[in-house]
Amino acid sequence: MHVDGCKSVCLMMSLRTPLPTLITLFMSLGVDGTEWSVKYNPTKICALKGSTVFINGSYTYPAELEVKEEFWVKEPFDREQDTPVYCKPTKDSGTVQCYVDKQQKFSLKLINVTKEDDYYFRIKTNVIEQKWLGDPVKISVTELLVNTLLEVIEREAAVLTCTTTCSLTDSPTFIWYKNGRRLSSNTNPLHLRPVSSEDAGSYMCAVRGYEHLPSPAQTLTVRCEFTM
Ligand SMILES: *[C@@H]1O[C@H](CO)[C@@H](O)[C@H](O)[C@H]1NC(C)=O
Ligand SMILES: *[C@@H]1O[C@H](CO)[C@@H](O)[C@H](O)[C@H]1NC(C)=O
C-alpha cells in the first residue's frame with residue numbers, strides 16, 4: 001500500500017513535469033504557425049507638449065487561443081497583476097482613448113500629452129498563462145524654444161534656431177512669427193543676414209499643424225553700427 005502510493009506520486013510527478021512545457025511550446029508557436037507579435041507604428045514618438053498623439057499598431061496571436069482582454073499599461077505597473085490598467089477599449093475616459101478592431105489593429109489616442117512615458121499593449125487569453133506584453137513604446141515630450149543671441153549688431157548676421165529636446169516624429173515644417181505676424185520663411189534655423197534695425201522684435205516659432213502650441217517669445221535687439 002505504502003509503496004504503491006509513493007510510486008503513483010512519483011509517476012504523476014514525472015508525467016507532470018514535461019507536460020506543461022510541451023503545452024507552452026505548442027501554444028506559443030501555434031498549431032498553424034501564428035505566433036505572438038505586437039507591432040507599433042511608430043515605435044518611438046517625440047511629441048509637442050500639449051499635442052494629441054496616436055500610437056497605432058497591430059498584433060497576432062496563436063490561433064488556438066481565444067483573446068479575452070486587450071488593454072494598455074504604462075510604467076510603473078505590476079507585471080503579474082497588470083495593474084493599474086491605463087486604457088481599456090470599452091472604457092472611455094476623456095483624454096485617453098483606445099480602440100481595437102476585429103483584425104487586431106489597435107490605437108491609443110492621448111490628448112494633451114504632458115510628460116514622457118513608456119506604454120505597453122497587453123493581451124490576455126482564455127488560458128491564464130498565455131498572455132502577452134508588447135515591447136514598450138516611448139513617448140518623449142518637448143517644448144519649442146527660440147535660441148538666439150539676444151543682441152546683434154546691424155549689418156551682421158542673426159541666426160534664430162527653433163529647438164526641441166527630442167527629434168519630432170513626423171519631420172516638421174517650422175513656422176516663424178515676428179511680433180505676432182507670420183513670416184514667409186520656413187527654414188530652421190532662420191538666418192537674418194545682414195540684420196537691420198527693422199529685424200528687431202519679438203520672435204516665436206511653431207510647427208505646422210500645431211500653431212496653437214508655439215514657443216515663448218524671444219526678443220532680438222539690433223544695435224546700431226557705431227560710426228565715427
Ligand atoms: C493612427 O490612427 C488614427 C485613427 O485611427 C489616425 O487618425 C492616424 O492618422 C493614425 N496615425 C498613424 C501614424 O498611422
Ligand atoms: C493639459 O494638461 C496640463 C497638465 O495636466 C493642464 O495644465 C492643461 O490645462 C491641459 N491643457 C488642456 C488644453 O486641456
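Please refer to the structure placed before this passage.
Residues numbered from 1 in each chain as written. Chains lettered and ligands numbered in written order. Predicted model: local features only at pLDDT ≥ 70, side-chain atom pairs only at ≥ 80, totals over all residues. Heavy atoms only, no water.

Draft legend 1. Region of the structure containing the sheet that holds strand S12 (residues 158-163). One open sheet holds the three strands; their spatial order is S10-S12-S15, and the pairing between them is antiparallel. Of all strands in the sheet, those bounded by a partner on one side alone are strand S10 (145-147) and strand S15 (190-192). On average, each strand axis in the sheet is inclined to that of its neighbour by 20°, with strand direction left out of account. With three bridges connecting them, S10 and S12 associate as antiparallel partners. Bridged to Leu145 within S12 is Thr163. (Pairing = 2+ DSSP bridges. Helix = DSSP H or I, 4+ residues; strand = E, 2+ residues; numbered from the N terminus. Axes fitted to C-alpha atoms, helices over the stretch in contact; angles between N-to-C directions.)

Draft legend 2. Broad picture of the sheet that holds strand S1 (residues 37-41). If you trace the four strands from one edge of the open sheet to the other, you get S1-S3-S6-S5, paired in antiparallel fashion. The open sheet terminates on both sides in strands that have one partner only, identified here as S1 and strand S5 (96-100). Averaged over all adjacent pairs, the angle separating strand axes in this sheet is 20°, with direction ignored.

Draft legend 3. Quick peek at the packing of aromatic side chains. Applying the stated criterion across every chain, the model contains eleven aromatic pairs. On the basis of an interplanar angle of 5° and a centroid distance of 5.6 Å, the ring pair of Trp36 and Trp132 is categorised as stacked. Of this pair, Trp36 sits in the loop between helix H2 (18-29) and S1 while Trp132 sits in strand S8 (residues 131-133), placing them 96 residues apart in sequence. Given the relative accessible area of 33%, Trp132 is considered partly exposed. Here a set of aromatic residues connected by ring pairs shows up, and it is made of Trp36, Tyr40, Tyr59, Tyr61, Trp72, Phe106, Phe121 and Trp132. Taking NZ or CZ as reference, Arg79 lies 5.4 Å from the ring centre of Tyr120, over its face. For Lys88, the ring lying beneath its charged end belongs to Phe71, and the centroid distance is 5.2 Å. (Phe/Tyr/Trp six-rings, centres within 6.5 Å; stacked < 30°, edge-to-face > 60°. Buried < 20%, exposed > 50% of the residue type's maximum accessible area, 1.4 Å probe, protein only. Lys NZ or Arg CZ within 6 Å of the ring centre and 35° of its normal.)

Draft legend 4. How the structure looks around the state of the cysteines. Here the structure, examined in full by the defined rule, presents three disulfides. A sulfur-sulfur separation of 2.0 Å characterises the disulfide bridge that pairs Cys46 with Cys166. Here the disulfide of Cys46 and Cys166 is right-handed, its torsion about the S-S bond being about 80°. Residue Cys46 is found in strand S2 (residues 44-48), and its partner Cys166 is found in the loop between S12 and strand S13 (174-178); the two are separated by 120 residues along the sequence. One exposure class covers both Cys46 and Cys166, and it is buried. Between the sulfur atoms of Cys87 and its disulfide mate Cys98 the distance is 2.1 Å. (Disulfide = S-S within 2.5 Å.)

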